[in-house]
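# Report on the structure
Listed below are the residues making up each chain.
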Protein chains: 2
Amino acid sequence: MLNFSTSEENYIKAIFHLQQDVGPVTTNEVAHELKTRPASVTDMMKKLKIKKLLHYQPYQGFRLSSEGTKVALGIIRRHRLWEFFLAEKLKFTWDEVHEVAEDLEHVSNKKLIDKLDEFLGFPRVDPHGDPIPDMHGKIEISNKICLSKLPNHTPALVSSVSDHSSEILELLEHKKISLGSKLEIKRRFEFDNSLEIRMGRQPAFTISQQLAETIFVTSLLPLIQISEGKRNK
Amino acid sequence: MLNFSTSEENYIKAIFHLQQDVGPVTTNEVAHELKTRPASVTDMMKKLKIKKLLHYQPYQGFRLSSEGTKVALGIIRRHRLWEFFLAEKLKFTWDEVHEVAEDLEHVSNKKLIDKLDEFLGFPRVDPHGDPIPDMHGKIEISNKICLSKLPNHTPALVSSVSDHSSEILELLEHKKISLGSKLEIKRRFEFDNSLEIRMGRQPAFTISQQLAETIFVTSLLPLIQISEGKRNK
DNA sequence: AAATAAATTTAGACAAATCTAAAATATTCC
DNA sequence: GGAATATTTTAGATTTGTCTAAATTTATTT
């Protein structure tokens, strides 16, 4: 595996993350994500295309190639292992780890990362609950669903949180929700889409729509797959 | 404290190390140390002079300013803490740590480094026996002397080794010499400047001039200061 | 299906860090 | 002390990654 510049790595990572949600990634999306200009994105896309890391036709958006995906998973592995290290060993709080890991992830010494992985006990998820790719680039795909889509009266475990800010951390700590918490929805309020939640034997409490949309859970019961109509055409 | 580019940091660090030995540092010395061209060094020196990190007059060589020294000590602190981490926690061997630390040292998040320091138990020296500056930039100055200058029959502790290669590691392991080993010189041979060494109750053995010159020791007895004539004029 | 708006790309410029080749300065040696 | 040599600096080019402004392509509206 070749080496890439910090800048190239940031583009690859951004595209990987943007790809998760939708189909092909657009110039503007990447520019917004990386706080750079669309023209700079175009320049870099040409470079990454030449290096065969992505598929790209002018004006058509881009998709990582399989090689590009491998590279992205390597970067994400490094990022998440460092996040785990920072939280677990150095006692950083949840909201602080991301920024530091942004720098550490670009140190791309394979032996370093594999030994770090071993030192940490081969953790499966980072402090936000996101899965850590293994040394071969394999990543766990879990059955996470957004809490706002969990059916009522269905016990589930909190498995990740998609916002990493100190503000959400403050709220989650106040409500004593953390990764692994078991909860279920008792009731949904139509007015503001807030949810009444039950955790263990504690009294029920409500959480806002915004919060419910950032929490992801794994159901403890098999869920009936709700069809979302046609998949991507 | 401002931030500096990886390249600027490498120049600052090189000058700091080269300064240790002699007086002002020359363009060629830095170029050689950093495997770059003299013209590149001159360019960077102008930049660092403007940033007040060093004193420099064309053709006169350079010296770090007190600000530049502070920056250098920060880089060295990061480098040596990471080396300690790699050796102690990730079980890297002695000769492997330097290269990886060369990359990690440029991640300059103060909180990261101070928490790493704490996690490691505030180590005083890195795996080669070189002192680690503390969070205020204070560095221990020890009374190390080169083993080749230790008087005969004077017990001393091995306190650092100035070569970090796998070749010297192999030799030191074979002779069972490590940091903290107590030894004394029994006899010197004029022919090749080899030394007969005694470690504990083991049988004496000899070491070459080359090896003696890379090992530094702290005498367990106060040594008479040998005058070296005039200091720097 | 034009006209307008939005997104994307191109063209050209710039800063950082490097290089080569030539010029300037210091040093060494007879 | 002056010629030869070594060192250092300058001048100008190159690469990477960025930018602005203008041109091009695609999408949206009426």
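Residues numbered from 1 in each chain as written. Chains lettered and ligands numbered in written order. Predicted model: local features only at pLDDT ≥ 70, side-chain atom pairs only at ≥ 80, totals over all residues. Heavy atoms only, no water.

### Some points on the pattern of salt bridges
Residue and element names in this part refer to chain A. Selection criterion: We count a salt bridge whenever a side-chain nitrogen from Lys or Arg sits within 4 Å of a carboxyl oxygen from Asp or Glu. Under the DSSP-based scheme used, a helix requires at least four consecutive residues in state H or I and a strand at least two consecutive residues in state E, with every element numbered from the N terminus. Only protein chains enter the accessibility calculation, which uses a 1.4 Å probe. A residue is then buried if its area is under 20% of the maximum for its type, exposed if over 50%, and partly exposed in between.
Taken as a whole and assessed by the stated rule, the structure comprises 24 salt bridges over all chains. The residue Glu-9 makes a salt bridge to Arg-78 at a minimum N-O spacing of 2.8 Å. Of this pair, Glu-9 sits in helix H1 (residues 6-21) while Arg-78 sits in helix H4 (residues 66-88), and the two are 69 residues apart along the sequence. We classify Arg-78 as buried; its relative accessible area is 10%. A salt bridge links Asp-126 to Arg-80, with the shortest nitrogen-to-oxygen separation between them at 3.6 Å. Taken together, the positions of Asp-126 in the loop between helix H6 (110-119) and strand S3 (145-146) and Arg-80 in helix H4 put the pair 46 residues apart, joining distant regions of the chain. For Asp-126, a relative accessible area of 3% gives the class buried. One network of salt bridges, with partners in common, ties together Arg-77, Lys-110, Asp-114 and Asp-117.

### Describing the side chain of Ser-160 of chain B
All names here are of chain B. Applied cut-off: Nitrogen and oxygen atoms within 3.5 Å of one another constitute a polar contact, given that in protein one can donate a hydrogen and the other can accept it, and given that sequence-neighbouring residues count only through two side-chain atoms. The contact rule is simple, with two residues in contact once any of their heavy atoms fall within 4.5 Å.
Tracing the backbone shows Ser-160 in strand S4 (residues 156-161). Within the local environment of Ser-160, its side chain forms a polar contact with the side chain of Lys-144, the two groups lying 3.3 Å apart. If sequence neighbours within four positions are ignored, Ser-160 has contacts with His-128, Gly-129, Asp-130, Lys-144, Leu-179, Thr-214, Ile-215 and Phe-216.

### Focus: the sheet that holds strand S4 (residues 156-161) of chain A
Residue and element names in this part refer to chain A. The condition is simple: Pairing between two strands requires that DSSP report at least two bridges joining them.
Here we have 6 strands laid out as an open sheet, ordered S3-S8-S4-S5-S6-S7, and antiparallel in their pairing. Every interior strand has two partners, whereas the edge strands, S3 and strand S7 (205-207), have only one. Across 3 bridges, the pairing between strand S6 (residues 195-198) and S7 is antiparallel. Bridge assignment links Ile-197 to a residue of S7, and that residue is Phe-205.

### Focus on the sheet that holds S4 of chain B
The strand order across the open sheet built from 6 strands is S3-S8-S4-S5-S6-S7 (chain B), with neighbouring strands paired in antiparallel fashion. Of all strands in the sheet, those bounded by a partner on one side alone are strand S3 (145-146) and strand S7 (205-207) of chain B.

### Let's talk about the domain arrangement of chain A
Here is the rule: Segmentation into domains, and thus their bounds, comes from an automatic or database assignment.
Its domain assignment divides chain A into domain 1 (6-64) and domain 2 (145-219). Centre-to-centre, using C-alpha coordinates, domain 1 of chain A lies 33 Å away from domain 2 of chain A.

### Points about the pairing of strand S8 (residues 215-219) of chain A
Residues and elements named next belong to chain A. Burial of the side chains of S8 is restricted to one face: Ile-215, Val-217 and Ser-219 are buried, whereas none of Phe-216 and Thr-218 on the reverse face is. Here S3 pairs with S8 via 2 bridges, running antiparallel. Residue pairing in the sheet places Cys-146 in a bridge with Phe-216 of S8.

### Considerations on the packing of aromatic side chains
Condition: Two aromatic rings from Phe, Tyr or Trp, using only the six-membered ring of Trp, form a pair when their centres are within 6.5 Å; if the ring planes differ by under 30 degrees the pair is stacked, by over 60 it is edge-to-face, and anything between is tilted. A positively charged side chain is recorded as over a ring if its NZ (Lys) or CZ (Arg) lies within 6 Å of the ring centre. The angle to the ring normal must also be within 35 degrees.
Using the criterion set out here, one finds 9 aromatic pairs over all chains in the structure. Seen in terms of ring centroids, Trp-82 of chain A and Phe-85 of chain A are 5.6 Å apart; in terms of plane orientation they differ by 80°. Their pairing is edge-to-face. Here the residue Trp-82 of chain A and the residue Phe-85 of chain A both occupy positions in helix H4, the gap between them amounting to 3 residues, near one helical turn. A single burial state applies to Trp-82 of chain A and to Phe-85 of chain A, both of which are buried. Relative to Phe-62 of chain B, the ring of Tyr-56 of chain B has its centre 5.5 Å away and its plane inclined at 65°; by these criteria the two rings are edge-to-face. Side by side, Tyr-56 of chain B and Phe-62 of chain B carry an identical accessibility label, which is buried. One aromatic cluster is present, built from ring pairs that chain together Trp-82, Phe-85 and Phe-119 of chain A together with Trp-82, Phe-85 and Phe-119 of chain B. The ring of Phe-119 of chain A is capped by Lys-89 of chain A, whose NZ or CZ atom sits 4.8 Å from the centre of that ring. Cation over ring: Lys-115 of chain B sits above Phe-92 of chain A, and NZ or CZ is 5.3 Å from the ring centre.

### Here we look at the packing of H4 of chain A against H6 of chain A
All names here are of chain A. Rules: Whenever a helix is involved, its axis is fitted only over the stretch in contact; in every case the axis is a line through C-alpha atoms, and angles between N-to-C directions fall within 0 to 180 degrees. By definition in this entry, angles of less than 35 degrees are roughly parallel, angles greater than 145 are roughly antiparallel, angles of 65 to 115 are roughly perpendicular, and the rest are oblique. Each crossing gets its hand from how the near helix is turned against the far one by less than a right angle, where anticlockwise is left-handed and clockwise is right-handed. All amino acids are sorted into three groups, where Ala, Val, Leu, Ile, Met, Phe, Trp, Tyr, Cys and Pro are nonpolar, Asp, Glu, Lys and Arg are charged, and the leftover types, Gly among them, are polar.
Running from N to C, H4 and H6 cross one another at 40°; their axes reach a closest spacing of 10 Å. Our classification of the angle between H4 and H6 gives oblique. Regarding H4 and H6, the two cross each other, and that crossing is left-handed. On H6, the residues touching Arg-77, Arg-78, Leu-81, Trp-82 and Phe-85 of H4 are Leu-112, Ile-113, Asp-114, Leu-116, Asp-117 and Phe-119. Of the residues assigned to the contact of H4 with H6, the class counts are 7 nonpolar, no polar and 4 charged.

### Some thoughts on the interface of chain B and chain A
For clarity, the threshold we go by: By convention, the term buried area covers the 1.4 Å-probe accessible surface removed from two parts as they join, with the contributions of both added.
Each side of the interface is counted separately: chain B has 18 residues, and chain A has 18 residues. Interface area for chain B against chain A, summed over the two sides, is near 1,600 Å², with a carbon-plus-sulfur share of 75%. Sorting the residues of chain B by area buried against chain A places Leu-90, Lys-115 and Phe-119 of chain B first, and these three jointly supply 28% of that buried surface. For the interface between chain B and chain A, the tally reads 2 salt bridges. With a closest N to O distance of 2.4 Å, Glu-96 of chain A and Lys-111 of chain B form a salt bridge. Connecting chain B to chain A are 6 residue pairs in polar contact (both at pLDDT 80 or more). Every element with two or more residues in the side of chain B that touches chain A is listed here: helix H4 (66-88), helix H5 (97-104) and helix H6 (110-119) of chain B. Of the residues forming the side of chain B that touches chain A, the biggest block, 5 residues, is contributed by H6 of chain B.

### Focus on unusual backbone geometry
Most peptide bonds take the trans form, and the phi angle of most residues other than glycine is negative. Residue and element names in this part refer to chain A. Even without being glycine, Lys-35 reaches a positive phi, approximately 50°. Within the element layout of this structure, Lys-35 appears in the loop between helix H2 (27-33) and helix H3 (38-50). Here Lys-35 falls in the exposed class, since its relative accessible area comes to 76%. Even without being a glycine, Lys-52 presents a positive backbone phi close to 60°. Along the chain, Lys-52 falls in the loop between H3 and strand S1 (54-56).

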